[in-house]
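# Close look at the chain arrangement
Given next are the chains, with one letter for each unit.
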Amino acid sequence: QVQLVESGGGLVQAGGSLRLSCAASGRTFSNYAMGWFRQTPGKERDFVAAINWSGVTNYADSVRGRFTISRDNSKSTVWLQMNSLKPDDTAVYYCAARTGGLSILSTHYDYWGQGTQVTVSS
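The rules behind the values
Residues numbered from 1 in each chain as written. Predicted model: local features only at pLDDT ≥ 70, side-chain atom pairs only at ≥ 80, totals over all residues. Heavy atoms only, no water. Buried < 20%, exposed > 50% of the residue type's maximum accessible area, 1.4 Å probe, protein only. Helix = DSSP H or I, 4+ residues; strand = E, 2+ residues; numbered from the N terminus. Pairing = 2+ DSSP bridges. Disulfide = S-S within 2.5 Å. Polar contact = N/O pair within 3.5 Å; in protein donor to acceptor, adjacent residues only side chain to side chain. Contact = heavy atoms within 4.5 Å. Core = buried A, V, L, I, M, F, W, Y, C linked by side-chain atoms within 4.5 Å. Axes fitted to C-alpha atoms, helices over the stretch in contact; angles between N-to-C directions.

All right, on to the pairing of strand S7 (residues 67-72) then. It is a general feature of regular strands that their side chains alternate between the two faces of the sheet. Where burial is concerned, the two faces of S7 differ: the one with Phe-67, Ile-69 and Arg-71 is buried and the one with Thr-68, Ser-70 and Asp-72 is not. Here six bridges tie S7 to strand S8 (residues 77-82), and the two strands are oriented antiparallel to one another. From the neighbouring strand, Ser-70 faces S8, where its bridge partner is Trp-79. The hairpin turn running from S7 into S8, its antiparallel successor, is four residues long, and Ser-76 in that turn takes a positive phi close to 50°.

Spelled out as structure tokens, the structure:
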């Protein structure tokens, strides 16, 4: 079993920055691809960013150039650095892990954190 715990959410002003962290425990962290997804009430859980075991990344078009995903396998931690935040970035952000490679599909991920709220004020 892999356990994921997100932290770092909060309230920020438009144009500001925030860094989310996801701490993993249980299985060998370095064997997993990691992803960040976000969801607002009544909407689908959408892909944000992903990173594989060797550091190859992928981003949703809506966040490319503003967000950066990174990981440190020795610390079993993945981060999402969010810059130039917009009100439509407001959502609950979820950390996820899968045994395969990079994927933008939430159904491909095996383990999920409980989420952390990010609110961007206008």
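Take the state of the cysteines next. Such a bond, covalent and formed between the sulfur atoms of two cysteines, is termed a disulfide. Overall, the coordinates contain one disulfide when judged by the stated rule. Between the sulfur of Cys-22 and that of Cys-95 lies a disulfide, 2.1 Å long from S to S. Judged by the sign of its S-S torsion, about -80°, the bond between Cys-22 and Cys-95 is left-handed. One end of the pair, Cys-22, is in strand S3 (residues 18-25); the other, Cys-95, is in strand S9 (residues 91-98), with 73 residues separating them in the sequence. Look at Cys-22 and you get buried, because its relative accessible area is 0%.

Let us look at the side chain of Arg-71. Inspection of the secondary structure assignment puts Arg-71 in strand S7. A polar contact of 3.4 Å, which involves the side chain of Arg-71, links it to the backbone oxygen of Ile-51. When near neighbours in sequence (up to four residues on either side) are disregarded, Arg-71 contacts Phe-29, Ser-30, Tyr-32, Ala-33, Met-34, Ile-51, Asn-52, Trp-53, Thr-77, Val-78 and Trp-79.

Quick look at the pairing of S9 now. Most of S9 is tucked away: seven of the eight residues are buried. In this structure, S9 lies alongside strand S10 (residues 111-112), joined through two bridges in antiparallel fashion. Looking at S10, one finds that Ala-96 is bridged to Trp-112.

Let's shift gears to the nonpolar core. Among the nonpolar cores identified, the biggest contains 34 residues, and Met-34, Trp-36, Val-78, Leu-80, Met-82 and Tyr-93 are the most heavily contacted of them. Within the residue set of this core, elements represented by two or more residues are S3, strand S4 (33-39), strand S5 (46-51), S7, S8, S9 and strand S11 (116-121). In this view, Tyr-93 contacts Glu-6, Leu-20, Trp-36, Phe-37, Arg-38, Val-48, Phe-67, Leu-80, Met-82, Gly-115, Thr-116 and Val-118; residues no more than four positions away in its chain are not counted.

Attention shifts here to unusual backbone geometry. Look at Ser-76: it is not a glycine, yet its phi comes out positive at around 50°. Within the secondary structure layout, Ser-76 lies in the loop between S7 and S8. Since its relative accessible area comes to 21%, Ser-76 is described here as partly exposed. Backbone geometry places Ser-84, a non-glycine residue, at a positive phi of 50°. When you line up the elements, Ser-84 lands in the loop between S8 and S9.

As a further point, take the sheet that holds S7. Backbone-to-backbone hydrogen bonds pair the strands of a sheet. The strands run either parallel or antiparallel. The strand order across the open sheet built from four strands is S1-S3-S8-S7, with neighbouring strands paired in antiparallel fashion. Two strands in the sheet have a free side with no partner beyond their single neighbour: strand S1 (3-7) and S7. With direction set aside, neighbouring strand axes in the sheet form an average angle of 15°.

Interpretation note: all reported values are geometric properties and have no functional meaning in isolation.
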